[in-house]
Amino acid sequence: MAFILIIILMFVVILIITLLQKFKWKLPIHVFFVMVIFSIPLISVFLLSTAVVSEIHVVNNPNFIFICIAAFIIYMNLCILYLYITLGNYYKQLEKTTTQKKVLEAELKYLQQLKDSQSKLYSMKHDLKNQYVVLLGMLSQHDITGAKSYLQDSIQKIDDSNYFFTNNFVLNYFLNEKVSTAKSNGVTLSVQSFLPEELHLDTDILAVVLGNLIDNSLEAVLRLSHFKEKEISLLIKQFDHNLLIEISNVFDREEIHTRKHRQTEGIGIKNVKKIVEEHGGIYNQWFEDNRYVVSILLLDVYGEED
Amino acid sequence: MVIKVAICDDVPIIVKEIEELLLEYDSSLFEMDIFYNPLRLIESLEEDTYDIFILDMEFPNLLGLEIAETIRGNNYTSPIIFITSFKEYMEKAFKVNTFDYILKPITKSKLHAALNRAIKYLDLNESKFTFTFNKVFYSLPLSDIIYFEKNKRKVFIHTPSDTYETIFHTKALLSKVNDNFVQVHTSFVVNVRYIKQVRNNTVTMKVNDKQTVDIPISRKFKDHAKKQILMKLRDFIY
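Position numbers for residues start from 1 in each chain and track the written sequence from start to end. All chains are assigned letters beginning at A, and all ligands numbers beginning at 1, according to the order in which they are written. The model is predicted, so local features are restricted to residues of pLDDT at least 70 and side-chain atom pairs to those at 80 or more, both for listing and for counting; the totals for chains, interfaces and linings are taken over all residues. Side-chain numbers here rest on the full set of heavy atoms in the structure, without hydrogens or water.

(A) Looking closely at the overall build of chain B. Helix and strand definitions follow DSSP, with helices as H or I runs of at least four residues and strands as E runs of at least two, each counted in order from the N terminus. Within chain B, the regular secondary structure consists of six helices and 15 strands. Burial classes: relative accessible area under 20% of the type maximum marks a residue as buried, over 50% as exposed, and values in between as partly exposed (1.4 Å probe, protein chains only). With 238 residues in all, chain B has 50% of them scored as buried. In chain B, the share of contacts with a sequence separation of at least 24, taken over all contacts with a separation of at least 6, comes to 53%. With residues, only the protein chains shown are counted as cover, and all accessible areas are computed by Shrake-Rupley using a 1.4 Å probe. Per element, the accessible surface of chain B, about 12,100 Å² overall, is 51% carbon and sulfur. Contacts between residues were defined by any pair of non-hydrogen atoms, one from each residue, lying within 4.5 Å.

Have a look at this one:
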């Protein structure tokens, strides 16, 4: 009797779900998934009731009840396994979409930058003509020093509006973001980069290392209230199959004593050290006058594969 | 000591600028050959060789990169310094093992910094390692030595072509070499310029284009040796 009841109940549930799906829920629902979810409480209620009721009613065949309970328990376990696997898959997918979204966002920002630089180019073209006119005027007046400094100024302007660090656009975007974050905090982050086109290292690894280094430096620089010049310099440079990453910032020598424990336990520095070591690199940090320097050498990171 | 420099650029004004900056760096250190046409430079490479190349990246018909590739065909180690206005193209230059690049306009500070490093890299006062073995006197340039291996009283000196044998104490040995050499193990002293990889307890040395050899790093020397390697190689890049 109860068995039939359950089956009927299940059908009702499925019916309700399918109806609801049609009218209300726009999201697609896996029928099997729903069945599994609902069958667990239903079966447990049924099992409980048979266990209680059995002694009075269906005593004539105790074996049947035992088999029934065992079968249901196995069935429930299978259901849970199935749910577990589906959830696992779901999370995997979620993770994938999140990373894809991030990459897409980076690409969008990059596009935006391209747009910006395009419009900048237009205005530069405009300016160029005016500049030529000014230069012509200066030259016809034999004002050579004036013309020289004028030219130097405009070259400087072009260099300043440079958004290019590397052809790896994810890294380029990342560095641009960091530069603008620093800028909004009143810190100049000057980046000197000369990267090989292809690295054996993943971009994310490089991004983690650079991100941690830049964030730490930024924090350190922001702690200095009495220094006027807040400046961080970052060098990323290749030579002979090796890559050097070096970051340095102005540093308050007082902190050598007051923040002693932080020198070895800085946030993220442990991570950086670990990553560097895992990839056959060397990490070092030291003080130089009033600068704090972190230097990382990654060996054999580009060029021909062995 | 004279450093032979090849300057190749099709714009005479820029060549003149570079020339003047080189003379300002040191009026007697450089012997300069100037090429307005890159093909002439390639021709001259057949009979001549240079210590430093300063090349324009952009020529009307030929890319600076192609010239660099030809240079690398004959000469593997001389530093190449590129002059360019477009940083965007520079990343392709890692293939020819570009030493450095200078973004136009060329200034004193940019060129002199690059020259400083190049000269450091060239190791001009080419120190020699001298020793006697079996009553024969040997003198090897330090830059040819890949590593020293100590075995009891003997010292084996490994170079790309040969292995020599002599007798030295470790202390005496270390006092005879320059700071390019780092002790990584009680019985091994390596030349950082030949290091290809550093792993947790080995360091891989380049013997030649194809061969490498693994040298053990011992716990005692590891931290200090690694830092020394970093600081030395950093000097060439920074």
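(B) The arrangement of the overall build of chain A in detail. Per the secondary structure count, chain A includes nine helices and five strands. Reading the helices (α) and strands (β) of chain A from amino to carboxyl end gives α-α-α-α-α-β-α-β-β-α-α-α-β-β. A burial count over chain A gives 34% of its 306 residues as buried. Restricting to contacts in chain A with at least 6 residues of sequence separation, those with at least 24 account for 68%. Summed over its atoms, the accessible surface of chain A is roughly 20,200 Å², and 64% of this surface lies on carbon and sulfur atoms.

(C) Examining the sheet that holds strand 10 (residues 163-167) of chain B more closely. Residue and element names in this part refer to chain B. Any two strands between which DSSP finds at least two bridges are classified as paired. The sheet built from five strands is open, its strands ordered 10-9-8-12-11 with antiparallel pairing. What marks the edges here is a single partner per strand, and that holds for strand 10 and strand 11 (181-185). Each adjacent strand pair in this sheet contributes to an overall mean axis angle of 25°, direction not counted. For helices, the fitted axis covers only the stretch in contact; all axes are lines through C-alpha atoms, and the angles between them, taken along N-to-C directions, range from 0 to 180 degrees.

(D) Examining the packing of aromatic side chains more closely. All names here are of chain B. Two rings from Phe, Tyr or Trp (for Trp, the six-membered ring) form a pair when their centres are within 6.5 Å of each other. A pair whose planes differ by under 30 degrees is stacked, one over 60 is edge-to-face, and the rest are tilted. In the structure shown here, the tally under the stated rule is 20 aromatic pairs over all chains. Judged by centre distance (5.0 Å) and plane angle (55°), the ring pair of Phe129 and Phe148 falls under tilted. Taken together, the positions of Phe129 in strand 6 (residues 128-133) and Phe148 in strand 8 (residues 147-151) put the pair 19 residues apart, joining distant regions of the chain. Of the residues examined, Phe129 reaches a relative accessible area of 0% and is grouped as buried.

(E) Just the interface of chain B and chain A, in detail. Every contact between the two is made by 30 residues of chain B and, on the other side, 38 residues of chain A. Taken together, the two surfaces of chain B and chain A that pack against each other cover about 3,300 Å², and 56% of this comes from carbon and sulfur. Accessible surface is computed with a 1.4 Å probe, and the buried area is the amount of it that two parts give up when combined, taken over both parts together. Considering only the surface of chain B that becomes buried against chain A, Glu91(B), Phe94(B) and Ile237(B) emerge as the three largest contributors, covering 24% of it. Across the pair Lys206(B) and Asp240(A) runs a salt bridge, and its minimum N-O distance is 3.9 Å. Residues adjacent in sequence count toward polar contacts only when both atoms are side-chain atoms; beyond that, a polar contact is any pair of N or O atoms within 3.5 Å, and within protein one must be able to donate a hydrogen and the other to accept it. Here chain B and chain A share six residue pairs in polar contact (both at pLDDT 80 or more) between them. Within the residue set of the side of chain B that touches chain A, elements represented by two or more residues are strand 5 (100-103), helix 4 (108-122), strand 13 (195-198) and helix 6 (219-237) of chain B. Along the lines of polarity and charge, the residues of the side of chain B that touches chain A split into 14 nonpolar, three polar and 13 charged. Salt bridges are identified by distance alone: a Lys or Arg side-chain nitrogen within 4 Å of an Asp or Glu carboxyl oxygen. All amino acids are sorted into three groups, where Ala, Val, Leu, Ile, Met, Phe, Trp, Tyr, Cys and Pro are nonpolar, Asp, Glu, Lys and Arg are charged, and the leftover types, Gly among them, are polar.

(F) A look at the pattern of salt bridges. One pass over the full model with this rule turns up 15 salt bridges over all chains. For Arg291(A), the salt bridge goes to Glu231(A), with nearest N and O atoms at 3.4 Å. Within this pair, whereas Arg291(A) is found in strand 5 (residues 291-298), its partner Glu231(A) is found in strand 2 (residues 231-239), the two being separated by 60 residues in sequence. Between Lys108(B) and Glu24(B) there is a salt bridge whose closest N-O contact spans 3.0 Å. Placement of the pair is Lys108(B) in helix 4 and Glu24(B) in helix 1 (residues 12-25), with a sequence separation of 84 residues.

(G) Inspection of the nonpolar core at higher detail. Ranked by internal contacts, the top residues of the largest apolar core, which has 51 residues, are Ile18(B), Val184(B) and Ile195(B). Dropping the residues within four chain positions of it, Val184(B) is found in contact with Val190(B), Val203(B), Ile215(B), Pro216(B), Ile217(B), Ser218(B), Phe221(B) and Ala225(B). Residues Leu189(A), Leu234(A), Ile245(A) and Ile247(A) belong to the second largest nonpolar core, which totals 37 residues. Only buried residues count toward a nonpolar core, which is a set of Ala, Val, Leu, Ile, Met, Phe, Trp, Tyr and Cys residues joined through side-chain atoms within 4.5 Å.

(H) Structural view of unusual backbone geometry. Going from Lys104(B) to Pro105(B), the amide bond is cis rather than trans, its omega being 0°. The phi dihedral of Asp300(A) is positive, around 55°, even though this residue is not glycine. Here Asn134(B), not a glycine, exhibits a phi torsion of approximately 50°, which is positive. Locating Asn134(B) in the fold gives a position in the loop between strand 6 and strand 7 (136-141). Relative accessible area serves as the criterion here: at 62%, Asn134(B) is assigned to the exposed category.

(I) Structural detail: helix 6 of chain B. Residues and elements named next belong to chain B. To estimate how far a helix should reach, multiply one less than its number of residues by 1.5 Å. End to end, helix 6 covers 28 Å across 19 residues, agreeing with the expected 27 Å (1.5 Å per residue, within 8%). Its axis deflected by about 30° at Ala225, helix 6 carries its strongest bend there. Among all positions in helix 6, only Phe221, Ala225, Lys226, Ile229, Leu230, Lys232, Leu233, Arg234, Phe236 and Ile237 are buried. What the bend at a residue measures is the angle between two axes, fitted to the seven residues ending there and to the seven starting there.

(J) Focus on the confidence of the model for chain B. Scored between 0 and 100, pLDDT is the confidence that the predictor attaches to each residue. When pLDDT is averaged along chain B, the result is 87, and 97% of the positions lie at 70 or above. Model confidence for chain B, summarised as mean pLDDT per element, is weakest for helix 3 (residues 64-74) of chain B at 81 and strongest for strand 12 (residues 188-191) of chain B at 94.

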